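Next come the chains, spelled out residue by residue.
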Amino acid sequence: MISLKEAIKLNSNELNTLRKELIEKIKATKEIGAYIEQLTNSDIDESFAGVPIAIKDNIQVKNWSITSCSKILQGYKAPYNATVINKLIASGLAPFGRTNMDEFAMGSTTESSYYGKTLNPLDHTRVPGGSSGGSAAAVAAGIAIAALGSDTGGSIRQPAAFCGCVGFKPTYGRVSRYGLAAYSSSLDQIGPITQNVEDAAILYDIIAGYDKLDSTSANLDFNPVTPNLNPNRKLKIAVIKNYIDEAGKPVRDALNLTIEKLKNAGHDICYKDLANSKYNIAAYYIIATAEASANLSRYDGVRYGNRALADTLGQMYANTRGEGFGAEVQRRMLLGTFVLSSGYYDAYYIKAQKARAFIKREYDEILSEVDIILMPVAPSVAYKFGELKDPLSAYLSDIYTIGVNLAGLPAITVPVASDENGLNISAQLIGAAWQEQVVLDAALNLENIVKGK
């Protein structure tokens, strides 16, 4: 597939040819389920003429059906564009196809989607990760030049790592969340999934910046990173030793070899431990589910999407939500409502916020001494469908990604190796807040090392 860097240089005729070729590729690989709709010429909104970018189904595109892959939002059409969509259009890019995802971004396998699961392009018996599994699978399968996803606890980075592409989560507040269907408002962040690091930088530059429409957007000066990319920059890198030691053998061996390559390339490597892993899961799922229970309360059958039949208002609420939300969404909403309820707010939610502050402080202390943190993305390669049967096992699979969201830091995943079955293994690079330039410089350097450049 042509890279984003190459695609933005095409003229209008070449772009039309590219879009037609892309449609044929999407139809030929429909078994992957990366897209919700299998694009045909009649599906394309001709008002969007530009470099085609795949869009996760929770980012508003005016007049598109945007459902967050939930039954409850069937029939809803977005009345406006998300800020990131307006920025794409202004830069000569165009939204092109809705990608599959876990319902309301709640999941790490893309199995909870109302439309059915997405397959990992590297091995169709394995999950593509989630919740942005459709976006990652589309890029990895060569049926998207690049894609936008959203990351609440690793939902860009983990699927990118499972599928073998680059996933970048910017600092919280750097990219506008206006027009993103909220899961957890203090954690969600839109970011790019691309074929390579330079494309991630290009797409990040397009969508980043302050937005007065988003109350969580940071009103800070923004300097584009792409013109200043420096793959030869020598960095001090902290390897999180206990995280690597706790990972499965293929991941551990691949990352240890990557660390040796970084040493040989002249980087200064030191080793640190993070004690926060035992707090990450509990703090994250208390905070995320609490915010989800508040955010999803608006879906009641009155204003959006489906409305269930009922004789009374109370029955309509109960029936609509019971029929419209899937099992995982209901589970998280119930947990969130519980931790916010009278008598439990102090015992759970307040303690989780204190744990969050401790987690952020741990990252900040390490990053005050080094330029970059290196750790795994997940304990294992992409697992088989049904392998994690109980919800708790699935939650634990996010152990290496959720701390970054709790701390609000920028992070990127870069493919570094394949296991014996051809499944991808990636390294995760984390930087200090607002230091996207450092993160992308480190990622480009690592990508070049892996490719032997």
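Structure's up top.
Treat the numbers as computed from the prediction; the structure is a model and nothing was measured. (Residues numbered from 1 in each chain as written. Predicted model: local features only at pLDDT ≥ 70, side-chain atom pairs only at ≥ 80, totals over all residues. Heavy atoms only, no water.)

**What about the side chain of T171?**
In step 1: Counting through the fold element by element, T171 comes out in the loop between strand 4 (166-169) and strand 5 (189-194).
In step 2: We classify T171 as buried; its relative accessible area is 1%.
In step 3: Within the local environment of T171, its side chain forms a polar contact with the side chain of E436, the two groups lying 2.6 Å apart.
In step 4: Among all residues touching T171, those that are not within four sequence positions of it are Q189, G408, L409, P410, A433, W434, Q435 and E436. (Helix = DSSP H or I, 4+ residues; strand = E, 2+ residues; numbered from the N terminus. Buried < 20%, exposed > 50% of the residue type's maximum accessible area, 1.4 Å probe, protein only. Polar contact = N/O pair within 3.5 Å; in protein donor to acceptor, adjacent residues only side chain to side chain. Contact = heavy atoms within 4.5 Å.)

**Notes on the sheet that holds strand 8 (residues 372-376)**
In step 1: The sheet built from 10 strands is open, its strands ordered 2-1-3-5-4-9-10-8-6-7 with mixed pairing. Of all strands in the sheet, those with a lone pairing partner are strand 2 (93-99) and strand 7 (268-272), marking the two edges. Each neighbouring strand pair of the sheet contributes to a mean axis angle of 30°, computed without reference to strand direction.
In step 2: Note: strand 6 (residues 236-240) against strand 8, 3 bridges, orientation parallel. By the bridge assignment for strand 8, A238 is matched with I373.
In step 3: Sheet contacts for helix 6 (residues 197-207): strand 2, strand 3 (146-151), strand 4, strand 5 and strand 9 (411-418); angle to strand 5, the most-contacted strand, approximately 145°.
In step 4: Sheet strands touched by helix 15 (residues 436-451): strand 4, strand 8, strand 9 and strand 10 (424-430). Its angle to strand 9, the strand with the most contacts, is close to 10°. (Pairing = 2+ DSSP bridges. Axes fitted to C-alpha atoms, helices over the stretch in contact; angles between N-to-C directions.)

**Observations regarding the packing of helix 9 (residues 277-295) against helix 11 (residues 327-339)**
In step 1: The contact between helix 9 and helix 11 brings their axes to 7 Å, and the two run at 100°. The pairing of helix 9 with helix 11 is recorded here as roughly perpendicular in orientation. Between helix 9, through Y285, I286, T289, A290 and S293, and helix 11, the contact on the second element is made entirely by R332, M333, L335, G336, T337 and V339.
In step 2: Considering only residue class, the contact of helix 9 with helix 11 consists of 6 nonpolar, 4 polar and 1 charged. (Parallel < 35°, antiparallel > 145°, perpendicular 65-115°, else oblique. Nonpolar A, V, L, I, M, F, W, Y, C, P; charged D, E, K, R; others polar.)

**A few points about the packing of aromatic side chains**
In step 1: In total, this model carries 14 aromatic pairs according to the counting rule given.
In step 2: Taking 5.5 Å as the distance between ring centres and 70° as the angle between the ring planes, the aromatic pair formed by Y114 and Y115 counts as edge-to-face.
In step 3: Ring geometry for Y284 and Y285: centres 4.8 Å apart, planes at 90°, overall edge-to-face.
In step 4: In this structure, K117 packs its charged tip against the face of F385, placed 4.1 Å from the ring centre. (Phe/Tyr/Trp six-rings, centres within 6.5 Å; stacked < 30°, edge-to-face > 60°. Lys NZ or Arg CZ within 6 Å of the ring centre and 35° of its normal.)

**Structural notes on helix 8 (residues 249-264)**
In step 1: Taking 1.5 Å per residue as the helical rise, helix 8 with its 16 residues ought to reach 22 Å, and the 23 Å between its terminal C-alpha atoms agrees with that figure.
In step 2: Buried residues of helix 8: V251, A254, L255, T258, I259 and L262, and no others. Within helix 8, the buried residues cover an arc of 140° as seen down the axis, which keeps them to one side. Pointing more than 90 degrees away from the buried face of helix 8 are the exposed residues K249 and N264.
In step 3: Just past helix 8, the residue G266 takes up positive phi, approximately 100°. (Expected span 1.5 Å × (residues − 1). Arc of directions from axis to C-beta.)

**Things to note about the state of the cysteines**
In step 1: Here the structure, examined in full by the defined rule, presents 0 disulfides.
In step 2: You can see C69 has no disulfide; the closest cysteine sulfur is in C163, sitting 15 Å from it.
In step 3: Residue classification places C69 among the buried residues on the basis of a relative accessible area of 0%.
In step 4: In this structure C163 is not part of a disulfide, and its nearest cysteine sulfur, from C165, lies 5.7 Å away.
In step 5: Look at C163 and you get buried, because its relative accessible area is 2%. (Disulfide = S-S within 2.5 Å.)

**Remarks on the pattern of salt bridges**
In step 1: In the structure shown here, the tally under the stated rule is 14 salt bridges.
In step 2: In this structure, the salt-bridge partner of E198 is K5, at a minimum N-O distance of 3.2 Å. On the criterion of sequence distance, the pair formed by E198 in helix 6 and K5 in helix 1 (residues 4-7) is long-range, its members being 193 residues apart.
In step 3: Judged by relative accessible area, K5 falls into the partly exposed class, the value being 34%. (Salt bridge = Lys/Arg side-chain N within 4 Å of Asp/Glu carboxyl O.)

**So, the nonpolar core**
In step 1: Residues L88 and Y363 are the most contacted members of the largest nonpolar core, which totals 118 residues.
In step 2: No other element matches helix 9, which puts 9 residues into this core.
In step 3: Counting residues in hydrophobic clusters, the runner-up holds 20 residues, among them L22, I23, A138 and V139. (Core = buried A, V, L, I, M, F, W, Y, C linked by side-chain atoms within 4.5 Å.)

**Examining the pairing of strand 1 (residues 51-56)**
In step 1: For strand 1, the tally of buried residues reaches 6 of 6 residues, placing the bulk of the element in the interior.
In step 2: Pairing between strand 1 and strand 2: 5 bridges, direction parallel. Residue P52 lies in a different strand from strand 2, and its bridge partner there is A94.
In step 3: In terms of handedness, the path from strand 1 via helix 3 (residues 83-90) over to strand 2 forms a crossover that is right-handed. (Right-handed = clockwise from strand over helix to strand, strands pointing away.)

**Focus: unusual backbone geometry**
In step 1: In this chain, G130 is followed by S131 through a cis amide linkage whose omega measures 5°.
In step 2: With respect to the helices and strands, the residue S131 is situated in the loop between strand 2 and helix 4 (133-140).
In step 3: Even without being glycine, S68 reaches a positive phi, approximately 50°.
In step 4: By the secondary structure assignment, S68 is in the loop between strand 1 and helix 3.
In step 5: One non-glycine residue with positive phi stands out, namely A105, at about 65°.
In step 6: In this structure, A105 sits in the loop between strand 2 and helix 4.
In step 7: Note on A105: relative accessible area 5%, which makes it buried.

**Here we look at the environment of A201**
In step 1: Relative to the elements of secondary structure, A201 occurs in helix 6.
In step 2: With 23 residues separating them along the chain, A201 and P224 place their C-alpha atoms 8.6 Å apart.
In step 3: Not counting chain neighbours up to four residues away, the residues in contact with A201 comprise V225, T226, L229 and L440.

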